[in-house]
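Secondary and tertiary structure notes
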Amino acid sequence: ASRGFFSALIHLVCVLISGAIAFAVWEPVTYAIMGADSSRSAWLVDLAWGLGLAAPFAVSLAILRLGIDALLPNNADLDGVSNLVGGGICGLIAGVITSGIFIISLGYLRFETSLMGYEPFGYDNNGSIVRNSRLLLPVDSLTAGFYSSLSNSTFGVEESMAKWHPDLADEGALLR
């Protein structure tokens, strides 16, 4: 919000595109990371799925943002209220998507079932898996739902992400 609506809107567009790139190349990058480990050490394989999503997002966001900033060095200046409100809304959406991708990436890393006190799934007395809790602001579910719906519409392909990962926000935690 402090940078203004125009800058926040540009950043939001860069985040949306970077997220689409990250989800599009997630599996190939992950398999490349696993294939690059000639010694087959467990630590790189354990990191592959998390890094396969987070690294393309971070790299593409950095490249896009630096490129756009070079192309558009000046900021459009609106009145104070429009800059603050518009910039805040765009910043909030960009933050939710960035946090969601980060949380989904962390979910695929091989941690214990509880991560910093957050344990989304556990076992009941019968040994069945049950949901323990959700995040206060479910950024992972919001981000997964957004990109899943895009995979069936705007970025639609025959073998969509929504088809192969219907519960993307929960997959990582359930694999642990």
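Relevant structure appears above.
Description of the structure in this document. (Residues numbered from 1 in each chain as written. Predicted model: local features only at pLDDT ≥ 70, side-chain atom pairs only at ≥ 80, totals over all residues. Heavy atoms only, no water.)

Our next topic: the overall build of the chain. Within the chain, the regular secondary structure consists of 6 helices and 2 strands. Beginning at the N terminus, the succession of helices and strands in the chain can be written as α-α-α-β-β-α-α-α. Projecting the C-alpha coordinates of the chain onto the three principal axes gives extents of approximately 60 × 40 × 35 Å. Residues classed as buried in the chain amount to 36% of the 176 residues present. Taking the contacts inside the chain whose residues are at least 6 apart along the sequence as the reference set, 70% of them involve residues at least 24 apart. Looking at the chain as shown, the accessible area adds up to about 10300 Å², and 66% of this sits on carbon and sulfur atoms. Distance from the positive charge centre (8 side chains) to the negative charge centre (15 side chains) of the chain: 2 Å. (Helix = DSSP H or I, 4+ residues; strand = E, 2+ residues; numbered from the N terminus. Buried < 20%, exposed > 50% of the residue type's maximum accessible area, 1.4 Å probe, protein only. Contact = heavy atoms within 4.5 Å. Areas by Shrake-Rupley, 256 points an atom, 1.4 Å probe, with all protein chains shown as cover. Lys, Arg positive; Asp, Glu negative; His and termini not counted. Charge placed at Lys NZ, Arg CZ, Asp CG, Glu CD.)

A word on the environment of Ser-105. Looking at the secondary structure, you find Ser-105 in helix H3 (residues 80-107). According to the relative accessible area criterion, Ser-105 is buried, its value standing at 4%. Taking C-alpha positions, Ser-105 is 9.8 Å from Ala-48, a pair spaced 57 residues apart along the chain. The residues touching Ser-105, leaving out its near neighbours within four places in the chain, are Gly-50, Leu-53 and Ala-54. For Ser-105, the side chain forms a polar contact with the main-chain oxygen of Ile-101, separated by 2.9 Å. (Polar contact = N/O pair within 3.5 Å; in protein donor to acceptor, adjacent residues only side chain to side chain.)

Inspection of the entire model under this criterion finds 2 salt bridges. The partner of Asp-69 in a salt bridge is Arg-65, and the shortest N-O contact between them spans 3.1 Å. With Asp-69 and Arg-65 both in helix H2 (residues 42-71) and 4 residues apart, the pair spans about one turn of that helix. Classification of Asp-69 as partly exposed rests on a relative accessible area of 34%. By relative accessible area, which is 18% here, Arg-65 ends up buried. Of the charged contacts in the structure, one is a salt bridge between Asp-170 and Arg-131, with a shortest N-O distance of 2.7 Å. Residue Asp-170 is found in helix H6 (residues 168-175), and its partner Arg-131 is found in strand S2 (residues 129-131); the two are separated by 39 residues along the sequence. Note on Arg-131: relative accessible area 31%, which makes it partly exposed. (Salt bridge = Lys/Arg side-chain N within 4 Å of Asp/Glu carboxyl O.)

This brings us to the environment of Ile-63. As for its position among the elements, Ile-63 is in helix H2. Assessed through its relative accessible area of 59%, Ile-63 is described here as exposed. Here the alpha-carbon distance between Ile-63 and Ser-18, two residues 45 residues apart in the chain, equals 9.3 Å.

Nothing here speaks to function; it is all geometry.
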